[in-house]
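A closer look at the structure
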Amino acid sequence: MLSKHENTLKPLGYAQALNFIEENSYSKVLEIDPGTDSMIFKILYGSCELWGLQNTLSVNESSNNRFEEYAKSHPDVRFFHGLLGEFNPQSFRKIILT
């Protein structure tokens, strides 16, 4: 068991993913379902190529508007809506999924 404490697994997972990214010098990172408050994007913004896949079948108008505003505020992140199987970036060699 990683932790008996509530709300600690996601930050621990982020910490492990960030360590792995930094130790292996990944140049591209894809976060699946980044939402509108991605810790990965906050920490890595400007240091590598960031991709965000909003992996949903349908979104309501309110959440879609929040996501669009978030995407506008992060112009260097490549955002996509859709399912992982539909996401096919060309020439990916070094990427980590979070």
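Since we're looking at a predicted model, the values are computed, not measured.

Parameters and conventions
- Residues numbered from 1 in each chain as written.
- Predicted model: local features only at pLDDT ≥ 70, side-chain atom pairs only at ≥ 80, totals over all residues.
- Heavy atoms only, no water.
- Helix = DSSP H or I, 4+ residues; strand = E, 2+ residues; numbered from the N terminus.
- Buried < 20%, exposed > 50% of the residue type's maximum accessible area, 1.4 Å probe, protein only.
- Contact = heavy atoms within 4.5 Å.
- Areas by Shrake-Rupley, 256 points an atom, 1.4 Å probe, with all protein chains shown as cover.
- pLDDT = per-residue confidence, 0-100.
- Pairing = 2+ DSSP bridges.
- Right-handed = clockwise from strand over helix to strand, strands pointing away.

Time to look at the overall build of the chain. Of the regular secondary structure elements, the chain holds 3 helices and 4 strands. Listing the helices and strands of the chain from first to last along the sequence gives α-β-α-β-α-β-β. The buried share of the chain, reckoned over its 98 residues, is 30%. Within the chain, residue pairs in contact and separated by at least 24 positions form 61% of the contacts whose partners lie at least 6 positions apart. Of the roughly 6800 Å² that the chain leaves accessible, carbon and sulfur atoms contribute 50%.

This brings us to the confidence of the model for the chain. Of the residues in the chain, 69% reach a pLDDT of 70 or more, and the chain-wide mean stands at 76. Within the chain, no element has a lower average pLDDT than strand β4 (residues 95-97), which sits at 56, and none a higher one than helix α2 (residues 39-44), at 86.

A word on the environment of Gly52. Locating Gly52 in the fold gives a position in strand β2 (residues 49-54). Residues Gly52 and Val77, spaced 25 residues apart in sequence, show a C-alpha to C-alpha distance of 6.8 Å. In this structure Gly52 touches Leu30, Glu31, Pro34, Phe41, Val77, Arg78, Phe79 and Phe80, once residues within four positions along its chain are discounted.

Turning next to the pairing of β2. On a regular strand, each side chain points to the face opposite its neighbour's, so the side chains alternate between the two faces of the sheet. Across the 6 residues that make up β2, a large majority, 5, are buried. Relative to β2, strand β1 (residues 28-32) runs parallel, the two sharing 5 bridges. Counted as the bridge partner of Ile32 is Leu53 from β2. Once the chain exits β1 it traverses α2 before rejoining the sheet at β2, and the crossover so formed is right-handed. Of the pairings in the sheet, the one linking β2 to strand β3 (residues 77-81) comprises 5 bridges and is parallel in character. Directly across from Leu50, in β3, lies its bridge partner Val77.

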